[in-house]
Amino acid sequence: MLWLLLLPLLQSAAAETGIDAWLRYARVPNYESLQDAVPGRIVALNSSSASPVYTASQELVMGFAGILGKEVEVIDSASNMRPYGSDIDSGLLVVGTVAQFAEASVDVGLEDELVNDGYHIRISGSDAHIIGANARGALHGAFNYLNALAQGNVPSESYTSNPDAPIRWVNHWDNLQDGGTHGSVERGYGGESIFYWNGSVREDLSRVPQYARLLASVGINAAIVNNVNANESMVEPRIVKGLQRIADLMRPYGVQIGMALNFATPELLGVLDTFDPLNRSVIDFWQERTDMIYQHVPDLAGFLIKASSEGQPGPLTYNRTLADGANLFAKAVRPYGGITMFRAFVYDYTTLNQTGNWKDDRANAAVEFFDGLDGSFDDNVVIQTQDYLNSDSVLVQPIDFQVREPVSPLFARLQNTASAVELQITQEYLGQQDHVFYFADLWKSILDFDLRVDGEESLVKDIVAGRRFNQPLGGYAAVSGIGLNQTWLGSHLAMSNLYLYGQMAWNPSVSSAGVIEDWTRLTFGFNQDVIDTVREISLESWPTYENYTGNLGIQTLTDILNAHYGPNPASQDGNPWGQWTRADADSIGMDRTIDNGTGFAGQYPPEVAQIYDNIETTPDDLLLWFHHVPYTYELNSGETVIQHFYNAHYAGSTNAQTFPTRWQALQGKMDEQQWSETLHKFVYQAGHSIVWRDAINDFYYNLSGIPDKLGRVGHHPYRVEAESMELDGYELYPVTPWNTASNKTCIVTSSNSTSGTASTNLDVESGTYDVAVNYFDQAIGRAQWTLYIDGTAIGEWSGDSDITLSHAPVLYIDGQTAIRITFKDVDIPSRATLKIVGVPDGQEPAPVDYVSIFPPGVVD
Ligand code: GCU
């Protein structure tokens, strides 16, 4: 039987596109038994349609209808409510704020129990009261109640839930305008911006309330709606009017908007010839613009500033401090109760030494730039008034969202400044939504980390919640990356991370397994095999990806000079981006020790510094982040560094091969469209993990000259290289980087209008085999390939992965465009002829790397 593994996307009648994500309100299996267990009428204590309380009542109506098949009416008067203590069951679900309950003469007595945005669900007889600390809290409570229902449970006991931290924001890297690219989202893999098109706010903003609904359902309270690499036009009145429309659509969901600003705006708009933060006209400029913005968006959450980093303008241009820069905006939003988030992601790539000064280190930059400033961030105002607060957002990792990095030491140093942790939901370095990556354990490893400030427990989650250093503000920000794609993020599974983010920002102690199980039930339904498989693969996803991309703390060895996607370890060094590995023929790793290295280890409080400064106590998984060692250095595991590299890359890729197989077993147990689109990703990931494995292993084998003691690296007995076939209309092409093609070479058609043929006589015994073809699919055409065995076509495919996959489009023939298609169970007679015909399209020359023919149970 022939079976095409890279499936065309199946469509089915009742297909789930993913647009409702975890808010499908699908009928639960036990709906009949639940119908009588919930109240039959709903009272909304605020019927103004702009209020989240009203939204809550609408969600409850929709949820009851969908989940339980129960129609309920909304009564907008509270007259039917019974007083507490009476024994009359009124069968009402009442939703409102503490204040609204009080107005309705019900004293809920929760003053000391609820914090902002929190809620209490009071179950009493046949009544349920959803009581929010504020309107947003009431909506969160309603969503939480519905979450339980949608998983088949009716809350039967009262409970209170409060958020762990006040700031729970998402950041959007949506470009207002980007050099002719319309609606682009920086590091977004889910389609065009839902907010902007061609330099303006979109006319059609219909995806905005749908998105706000998703955010509200997991407790997120604000969204910065444009890229940190901000366009100066954001503060032009025509754009601000558009932002007002966005804010109006999000407000009923309790989600405030905020905006990122370009520090040089006064100059870039041609209004002033300076952007010096201490210049009077600059201060006035920002105050006037801020006043104008607040006239349109009175509840703007605040500003987000990326300054003096990666070429962005900032206060350092005028020899002013980062605090001068942050306070400029903090003062402007102060009268409105807004917040300024100032990013700690500050480094100057122009000063990083490319030639290998041993002491140079981008990781040191954040602490160095903020040195001596703690306390200058208008902290007295924070303490005295508490209505104006200035916050500092600290990137979670010292370098840049890599697969593994230590916690930023800056968290330990900002003791008089509120801080927030910045996470990435979009998988910039982590497979761009084409490789599965569930963030729970990675984020927990950061949030649960104990920085031991002053020798006392100092967990990152306690620091950002404001508990550790007594800060009234603090919390979470995450780069979202959603777009117009029906799945929002470009992948069904990736949406578990948006759900997870909200849950974790609300309660960082949630269980990684519990969250993914809940999410799966809500998104894919109740089949236990589906729930188990999603949980298992999700929890394996981080170690799997880390294994085949970059382990022992060397970071994701991706192509940092291009799309941050495929393998390219050579790109890490010799440039000013500072993601260095310092690999040479004998040794590898960044020496960040205090005396001999860059000194980064010394930025931590002493107890932590000691652990990382000492090679013996540094955990294996961060060894190369902190130490430079010979390839033959023996790890705590007993394996050498180089052999660990080889083994880990094989282990990761081998595990990725199991994902499609495990997923196939779920067919018919969940929605067909969600199933087939996810299978498509897993099949791709399995193939691309082999590209990763070989590119990294070949690179370090070539550099070190140390062979794999298990004999795998560089030996691929099942492969037939395309360049060794008989070619007609195809020619050899040396691939750059060389290690992203098997044997460094692929074939491309000799012209871009005539097809090419590569054929060979196979040297395999007659039998049934899987046949994999590794080829390259650039984002510049739709080349076609056909594979023949003894003249019979066994498969035909086209270079359309730029539309069926989500990662950044790449034009080159390299590890980012390398891709595999597998034909299962192909009967091959002995001495058969294999032929590939490639038809170029435009600039895409139908490139082929190799064919691999392997017996059952083998993948290579
Ligand atoms: C990364 C990312 C950029 C982004 C930057 C930031 O470097 O690749 O696209 O602008 O982070 O967080 O500011």
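For the structure itself, consult the block above.
Calculation notes
- Residues numbered from 1 in each chain as written.
- Predicted model: local features only at pLDDT ≥ 70, side-chain atom pairs only at ≥ 80, totals over all residues.
- Heavy atoms only, no water.
- Patch = residues over 30% accessible without salt bridge, like charges linked within 9 Å, V, L, I, M, F, W, Y side chains within 5 Å.
- Areas by Shrake-Rupley, 256 points an atom, 1.4 Å probe, with all protein chains shown as cover.
- Salt bridge = Lys/Arg side-chain N within 4 Å of Asp/Glu carboxyl O.
- Lys, Arg positive; Asp, Glu negative; His and termini not counted.
- Charge placed at Lys NZ, Arg CZ, Asp CG, Glu CD.
- Helix = DSSP H or I, 4+ residues; strand = E, 2+ residues; numbered from the N terminus.
- Buried < 20%, exposed > 50% of the residue type's maximum accessible area, 1.4 Å probe, protein only.
- Contact = heavy atoms within 4.5 Å.
- Polar contact = N/O pair within 3.5 Å; in protein donor to acceptor, adjacent residues only side chain to side chain.
- 1 Å grid on protein atoms, 1.4 Å probe; cavity = no way out; pocket = protein on both sides within 12 Å on 5 of 7 lines; lining within 4 Å.
- Points joined across faces, edges and corners; volume = space filled by probe spheres on them.
- Nonpolar A, V, L, I, M, F, W, Y, C, P; charged D, E, K, R; others polar.
- Pairing = 2+ DSSP bridges.
- Axes fitted to C-alpha atoms, helices over the stretch in contact; angles between N-to-C directions.
- Near = heavy atom within 4 Å.
- Arc of directions from axis to C-beta.
- Phe/Tyr/Trp six-rings, centres within 6.5 Å; stacked < 30°, edge-to-face > 60°.

**Some points on a negative patch on the surface**
There is a patch of like negative charges on the surface, built from D107, E111, D112 and E113. Along the chain, D107 falls in the loop between α3 (98–103) and β5 (119–124).

**Here's the deal with the environment of F263**
Turning to its location among the elements, F263 is positioned in the loop between β12 (256–261) and α7 (265–268). Judged by relative accessible area, F263 falls into the buried class, the value being 1%. Other than its neighbours up to four places away in sequence, F263 contacts F275, P277, W286, I305, A307, P313, G314, P315, G325, L328 and F329.

**Comments concerning the side chain of Q657**
Relative to the elements of secondary structure, Q657 occurs in helix α20 (residues 641–664). Judged by relative accessible area, Q657 falls into the buried class, the value being 18%. A polar contact is formed between the side chain of Q657 and the backbone oxygen of A686, at a distance of 2.9 Å. Ignoring any residue separated from it by four or fewer positions in sequence, one finds Q657 in contact with A686, S689, I690 and V859.

**Thoughts on the pattern of salt bridges**
A side chain of one charge can pair with a side chain of the opposite charge when the charged atoms of the two come close. All told, the structure shown has 39 salt bridges when counted by the stated rule. For E192, the salt bridge is made with R202, and the minimal N-O distance between the two is 3.4 Å. Of this pair, E192 sits in the loop between β8 (167–171) and β9 (196–197) while R202 is found in the loop between β10 (200–201) and α5 (207–217), placing the two residues 10 residues apart along the sequence. The partner of D361 in a salt bridge is R592, with the nearest N and O atoms 2.8 Å apart.

**Topic: the layout of surface pockets**
Counted as a void, the largest pocket has a volume near 940 Å³. Every residue lining the largest pocket is counted, 45 residues in all, and those nearest its centre are Y189, G190, L805, S806 and H807. Elements represented by at least two residues in the lining of the largest pocket include exactly α21 (672–704) and α22 (801–804). When residues in the lining of the largest pocket are grouped by element, the largest group, 7 residues, is from α21. Looking at side-chain class alone, the lining of the largest pocket contains 13 nonpolar, 26 polar and 6 charged residues.

**As for the sheet that holds strand β26 (residues 784–789)**
Pairing in this open sheet of 5 strands is antiparallel, and the strands run β21-β24-β29-β26-β27 from one edge to the other. Looking along the sheet, the strands with just one partner apiece sit at the ends: β21 (726–728) and β27 (792–798). Ignoring which end each strand starts from, the neighbouring axes of this sheet average 15° apart. Relative to β27, β26 runs antiparallel, the two being bridged by 6 bridges. Its bridge partner lying in β27, L787 is registered against G795.

**A look at the side chain of S801**
For S801, the position within the fold is in helix α22. Apart from the residues within four sequence positions on either side, S801 is in contact with D777 and I819.

**So, the environment of G179**
Assignment of secondary structure puts G179 in the loop between β8 and β9. Separated by 483 residues in sequence, G179 and R662 place their C-alpha atoms 43 Å apart.

**Regarding the site of the ligand**
Inspection of the region around the ligand gives W173, E186, R187, V228, N229, K306, E310, R343, F345, D400, E428 and H564 as its neighbouring residues. A distance of 2.9 Å separates an oxygen atom of the ligand from a polar side-chain atom of N229. One of the side-chain N or O atoms of K306 is found 2.6 Å from an oxygen atom in the ligand. Compared with its free state, where it exposes 320 Å², the ligand has 96% of that area covered by protein. Class assignment for the residues of the shell around the ligand results in 3 nonpolar, 2 polar and 7 charged.

**Describing helix α18 (residues 606–613)**
Among the residues of α18, V608, A609 and Y612 are the ones counted as buried. An end-on view of α18 places all buried positions within 100° of arc, on one side of the element. Pointing more than 90 degrees away from the buried face of α18 are the exposed residues P606 and Q610. Summarising the contacts, the buried residues of α18 are in contact with α19 (623–626).

**So, the packing of aromatic side chains**
For the structure shown, the criterion picks out 37 aromatic pairs. Consider the rings of W22 and Y499, whose centres lie 5.2 Å apart with planes at 65°: the pair is edge-to-face. Taken together, the positions of W22 in the loop between β1 (3–4) and α1 (31–35) and Y499 in helix α15 (residues 495–506) put the pair 477 residues apart, joining distant regions of the chain. In this structure, W22 and Y499 share a single accessibility class: buried.

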